2 protein chains.
Amino acid sequence: MMQYRLRQQDLCSNARLGQLRMSRAVIDTPAFMPVGTLGPVKGLEPEDLHAMGFRLLLNNAYHLYLRPGHKVVAEMGGLHAFTGWSGAILTDSGGFQIFSLAKLCKVTDEGVMFQSHIDGSTHFITPETAIEIQESLGADIMMAFDQCVALPASRDVVEEGVRRTKLWAERCQAGRRRSDQALFGIVQGGLDPDLRVQSARDLTAMGFEGYAVGGLSVGESKADMYGMLDVTVPELPEGKPRYLMGVGHPEDLIEGVSRGIDMFDCVVPSRHGRTGSLFTTKGRVVIKQAQYARDERPIDPDCGCPVCLKYSRAYLHHLFTAKEMLGVRLNTLHNLWYFSDFMRRMRAAIAQGSFSEFREAFYRSQERELGESVVSSEHENDRTQDS
Amino acid sequence: MMQYRLRQQDLCSNARLGQLRMSRAVIDTPAFMPVGTLGPVKGLEPEDLHAMGFRLLLNNAYHLYLRPGHKVVAEMGGLHAFTGWSGAILTDSGGFQIFSLAKLCKVTDEGVMFQSHIDGSTHFITPETAIEIQESLGADIMMAFDQCVALPASRDVVEEGVRRTKLWAERCQAGRRRSDQALFGIVQGGLDPDLRVQSARDLTAMGFEGYAVGGLSVGESKADMYGMLDVTVPELPEGKPRYLMGVGHPEDLIEGVSRGIDMFDCVVPSRHGRTGSLFTTKGRVVIKQAQYARDERPIDPDCGCPVCLKYSRAYLHHLFTAKEMLGVRLNTLHNLWYFSDFMRRMRAAIAQGSFSEFREAFYRSQERELGESVVSSEHENDRTQDS
């Protein structure tokens, strides 16, 4: 099934190199997963992702459960056959989307009653059905069904979420019917260090194939997020992959890696591509700005992506202002390439024992000359679905 | 510059095989040109078009004049450098768009005063500026600035349009500054056979590198359109390419070719791709229909396009109903592949002396089993811009 191998530990931080071996892909970690909410990363084909070096993609179980339905996907041979993606797939359990997107009706220990954000229809999801859905979809990695608590929350509410997340994680394990898929547990605990530690211990005691840190990147400060990683990650077993859900911006990836995280997913590169906010080695290029209308340079002269090799800022500015959908595709391709390359360079730095230098060089490189600070004060919720 | 070579004449119709040689491409005719209104065919990259066998693309001068402006395009090195398309480009003059899309202020012999359909700004285009715009854009083939009359129209109005089209064509020729671009004249004349003949004679007397039949496919019946071709094409010189503007559906391509037309352009394949109406060897597949939700077959089992080789109707149905932009891209790729292949098969039939059989087989093949008659009663105007 899935094997994780820890290959190298950074001496100056908790950053580590590893490899995740699955039947469909071998993933060098730390790794970033693009998000294909309803199957595709918006506007891209599987070949596009493959060409950028991605071999592991996230699909949203909640969205696919509602449309086209997990049973349709199963009938069509599972997600890989349905979408044409030959790499590995991780599906989230839907827990986060139900709590953030659907109209919530009722949460009990039994499960969650909610209304679809599309047509208002009522659904009831239990830990067992969350697993059934993910087994039907046929993901390589499934996620346990967790209770994600909206922040800020009182200690009682967070504690109740931690208790229920443990209970549901046990039922997810017990509910498995297939043996060819990995299952990750999800640590909750809000911004309470004690509850984070407790949740991590609850889950590690159950023995999952990997562990995710959930309930973060939902609007809290970066300091709070990093602080929760500082207390949570040390509780997780060294020999299993660690996944920080819904994160993030490049600086979050560096900070997560430095705290021992191996896997990330986020809609940031694709969503920012759609809104014309382009990542470069020197900061953000906001392509709609008039200054780019006659700029013959590529998005990033230091980037080797197919978009930068071929198209000018002027053309991308034209496509964006004229609302040409090709612009969305090209912007998304560039941003995802940036993220793929960013992780590759980060892995190389760890391998060479120069991760600290990489981190410092990154912060130095993000000059403000391009009109936007890297440590932006965006308080958007990056963990919503990409739709 | 541009050379046309007539290679073979069909014995049973006016269909003919030819070759259009330009510095950037050699085009086998009859040929279909995809439409890239503002540069790209919506959602596609130049490589996509190239892979389908297209080497000649239409761009709209009117749209590019308004956004990003022909001077910006010229500064960026012309359309080929700006858009990354290495094949040949034909630009229309903007005449049709001004008459169909802009808010028209005033037409005089001097030119046309109109308001932009985007921001209402006022512009004045003369035959000379239409050529200046197209020379700035750097198309391989330019079109003369013509007056396209809305149908139905009185004989007086059509006659005035024919007179003005001749006058403007002369001024277009006189206004040329570059010698590396071809210029085609456009025959007008509404649905009046005499005026069509007169317009064709007006233009051929001036000696253009090619001749277009304009002012058709604007809502008239197919019988009327074919009738106008019957009287117009015989007036055009055998040794020059003939281009039927804004046409059309597969049956129109067959009927145009059988009447001696060499070139076509139309938004039908791309626009129908966006609305999920997919061309197949047996008629149209309307992908949103519920019958395709669990249909594992490709759009067309007889099609060899990359979409049919890889994706099911069920997946394309899912992408369409979930409004995933990848669906638009895949549908457009399939439809354009169909058109490219359709023209290739038509050329092969002419070469083999079996064009009549090809034509008959086409009409027989378009069964109604797929829910839509091929000779549809759509009275849509296929000649609007693709936006």
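Residues numbered from 1 in each chain as written. Chains lettered and ligands numbered in written order. Predicted model: local features only at pLDDT ≥ 70, side-chain atom pairs only at ≥ 80, totals over all residues. Heavy atoms only, no water.

Across its full length, chain A carries 15 helices and 17 strands. Seen through its C-alpha atoms, chain A measures out along the principal axes to roughly 60 × 50 × 40 Å. The buried share of chain A, taken over its 387 residues, is 62%. Relative to all contacts within chain A whose residues are 6 or more apart in sequence, the contacts with residues 24 or more apart total 68%. Of the roughly 13900 Å² of accessible surface on chain A, a fraction of 49% belongs to carbon and sulfur atoms. One finds the centroid of the 43 positive side-chain charges in chain A at a distance of 2 Å from the centroid of its 49 negative side-chain charges. (Helix = DSSP H or I, 4+ residues; strand = E, 2+ residues; numbered from the N terminus. Buried < 20%, exposed > 50% of the residue type's maximum accessible area, 1.4 Å probe, protein only. Contact = heavy atoms within 4.5 Å. Areas by Shrake-Rupley, 256 points an atom, 1.4 Å probe, with all protein chains shown as cover. Lys, Arg positive; Asp, Glu negative; His and termini not counted. Charge placed at Lys NZ, Arg CZ, Asp CG, Glu CD.)

Residues and elements named next belong to chain A. Confidence in the prediction of chain A, expressed as mean pLDDT, is 94, and 95% of residues score 70 or more. Throughout residues 368-380 the model reports pLDDT below 50, and contacts reaching past four residues in sequence, or to other chains, amount to 25 contacts. Here the predicted complex scores 0.95 on pTM and 0.94 on ipTM. (pLDDT = per-residue confidence, 0-100.)

Right, let's get into the interface of chain B and chain A. Across the contact, 38 residues belong to chain B and 38 residues belong to chain A. Both sides of the chain B and chain A interface together cover about 3400 Å² of buried area, and 58% of this is carbon and sulfur. Put simply, chain B and chain A have eight salt bridges between them. In this structure, E324 of chain B and K42 of chain A form a salt bridge, with 2.3 Å as the shortest nitrogen-oxygen distance. (Buried area = accessible area lost by both parts, 1.4 Å probe. Salt bridge = Lys/Arg side-chain N within 4 Å of Asp/Glu carboxyl O.)

So, on to the sheet that holds strand β15 (residues 263-265) of chain B. Strand order across the open sheet formed by nine strands is β4-β15-β14-β13-β12-β11-β7-β6-β5 (chain B), with parallel pairing between neighbours. At either end of the open sheet lies a strand with only one pairing partner, and these are β4 (31-33) and β5 (35-36) of chain B. (Pairing = 2+ DSSP bridges.)

The next subject is the packing of aromatic side chains. All names here are of chain A. A full pass over the atoms with the stated rule returns 26 aromatic pairs over all chains. Ring geometry for Y338 versus F342: centroids 5.8 Å apart, planes at 15 degrees, classification stacked. You can see Y338 and its partner F342 sitting in helix α14 (residues 325-351), four residues apart, about one turn around the helix. Neither Y338 nor F342 differs from the other in exposure class; each is buried. A centroid spacing of 5.3 Å and a plane angle of 65 degrees characterise the contact between F342 and F362, whose relative ring orientation is edge-to-face. On the criterion of sequence distance, the pair formed by F342 in helix α14 and F362 in helix α15 (residues 355-365) is long-range, its members being 20 residues apart. Judged by its relative accessible area of 1%, F342 is buried. Members of the aromatic cluster, each reached through a chain of ring pairs, are F32, F279, Y338, F339, F342, F358, F362 and Y363. (Phe/Tyr/Trp six-rings, centres within 6.5 Å; stacked < 30°, edge-to-face > 60°.)

Bringing the side chain of E324 of chain A into the picture now. Looking at the element boundaries, E324 of chain A is found in the loop between α13 (313-321) and α14. A relative accessible area of 3% places E324 of chain A in the buried class. In this structure E324 of chain A touches L319 of chain A together with L38, P40 and K42 of chain B, once residues within four positions along its chain are discounted.

Structurally, the position occupied by G214 of chain B is in the loop between β13 (210-213) and α9 (222-232). It is 21 Å that separates the C-alpha atoms of G214 of chain B and E135 of chain B, two residues lying 79 residues apart in sequence.

Before going further, it helps to spend a moment on the sheet that holds strand β9 (residues 112-115) of chain A. Residue and element names in this part refer to chain A. Spatial strand order, β8-β9-β10: three strands in an open sheet with antiparallel pairing. The open sheet is flanked by β8 (103-107) and β10 (122-125), the only strands paired with a single partner. Averaged over neighbouring strand pairs, the angle between their axes works out to 25 degrees when direction is ignored. (Axes fitted to C-alpha atoms, helices over the stretch in contact; angles between N-to-C directions.)

This part is about unusual backbone geometry. The omega torsion across L151 of chain A and P152 of chain A is -5 degrees, close enough to zero to call that bond cis. By the secondary structure assignment, P152 of chain A is in the loop between β11 (141-143) and α7 (155-174). Between R67 of chain B and P68 of chain B the backbone carries a cis peptide bond, its omega angle lying at 5 degrees. Mapped onto the elements, P68 of chain B comes out in the loop between α2 (61-66) and α3 (70-75).

Once that is clear, we can look at helix α15 (residues 355-365) of chain B. Residue and element names in this part refer to chain B. All buried positions along α15 are accounted for by F355, F358 and F362. Buried residues of α15, seen end-on, are gathered within an arc of 50 degrees and therefore sit on one face of the element. Residues of α15 that are buried make contact with α10 (250-258) and α14 (325-351). (Arc of directions from axis to C-beta.)

Expressed as a screw operation, the relation of chain B to chain A combines 0.0 Å of axial shift with a rotation of 180 degrees, fitting to an RMSD of 0.0 Å. These values place the two chain copies in the arrangement generated by a two-fold rotation axis. Of all interface residues in chain B, 100% are interface residues in chain A too; the two copies therefore contact each other through one and the same surface. (Least-squares fit on C-alpha atoms with pLDDT ≥ 70 in both.)

As a further point, take the pairing of strand β12 (residues 182-187) of chain A. Residues and elements named next belong to chain A. Burial analysis of β12 places six of its six residues in the buried class, the great majority of the element. Side chains A182, F184 and I186 project from β12 onto one buried face, and the interleaved L183, G185 and V187 project onto a second face that is buried too. Bridge count between β11 and β12: three bridges; the pairing is parallel. The residue of β12 that forms the bridge with I141 is A182. Where β12 meets strand β13 (residues 210-213), four bridges bridge the pair, whose relative direction is parallel. Along β13, the bridge assignment pairs I186 with A212. Following the chain from β12 across helix α8 (residues 193-206) to the adjacent parallel β13, one finds a crossover that is right-handed. (Right-handed = clockwise from strand over helix to strand, strands pointing away.)

A word on the packing of α10 of chain B against α14 of chain B. All names here are of chain B. Packing of α10 against α14 brings their axes to within 11 Å, and their N-to-C directions diverge by 30 degrees. With respect to each other, α10 and α14 are oriented roughly parallel. The crossing of α10 and α14 is right-handed. For the pair α10 and α14, contact is made by P250, L253, I254 and V257 and by Y338, F339, F342, M343, M346 and I350, respectively. Looking at side-chain class alone, the contact of α10 with α14 contains ten nonpolar, no polar and no charged residues. (Parallel < 35°, antiparallel > 145°, perpendicular 65-115°, else oblique. Left-handed = near helix turned anticlockwise from the far one by under 90°. Nonpolar A, V, L, I, M, F, W, Y, C, P; charged D, E, K, R; others polar.)

What follows deals with α13 of chain A. Summarising burial for α13 of chain A: seven of the nine residues are buried, a large majority. Where α13 of chain A is concerned, the buried positions are R313, A314, Y315, L316, H317, H318 and L319 of chain A. Contacts from the buried residues of α13 of chain A go to β17 (283-286), α12 (306-310) and α14 of chain A together with α2 and α4 (79-83) of chain B. Immediately downstream of α13 of chain A, the backbone of K323 of chain A shows phi near 55 degrees, a positive value.

Let us now look at the pattern of salt bridges. This structure, assessed with the given rule, holds 56 salt bridges over all chains. Between E159 of chain A and R155 of chain A there is a salt bridge, and its shortest N-O distance comes to 4.0 Å. Of this pair, E159 of chain A and R155 of chain A both sit in helix α7, four residues apart, which is roughly one turn of the helix. In this structure E159 of chain A comes out as partly exposed when scored by relative accessible area, which is 33%. In this structure, D48 of chain B engages R329 of chain B in a salt bridge whose closest nitrogen and oxygen atoms are separated by 2.8 Å. Here the residue D48 of chain B occupies a position in helix α1 (residues 46-51), and R329 of chain B occupies one in helix α14, the gap between them amounting to 281 residues. In terms of burial, D48 of chain B and R329 of chain B fall into one category: buried. Through salt bridges that share partners, D109, E160, R163 and R164 of chain A make up one connected network.

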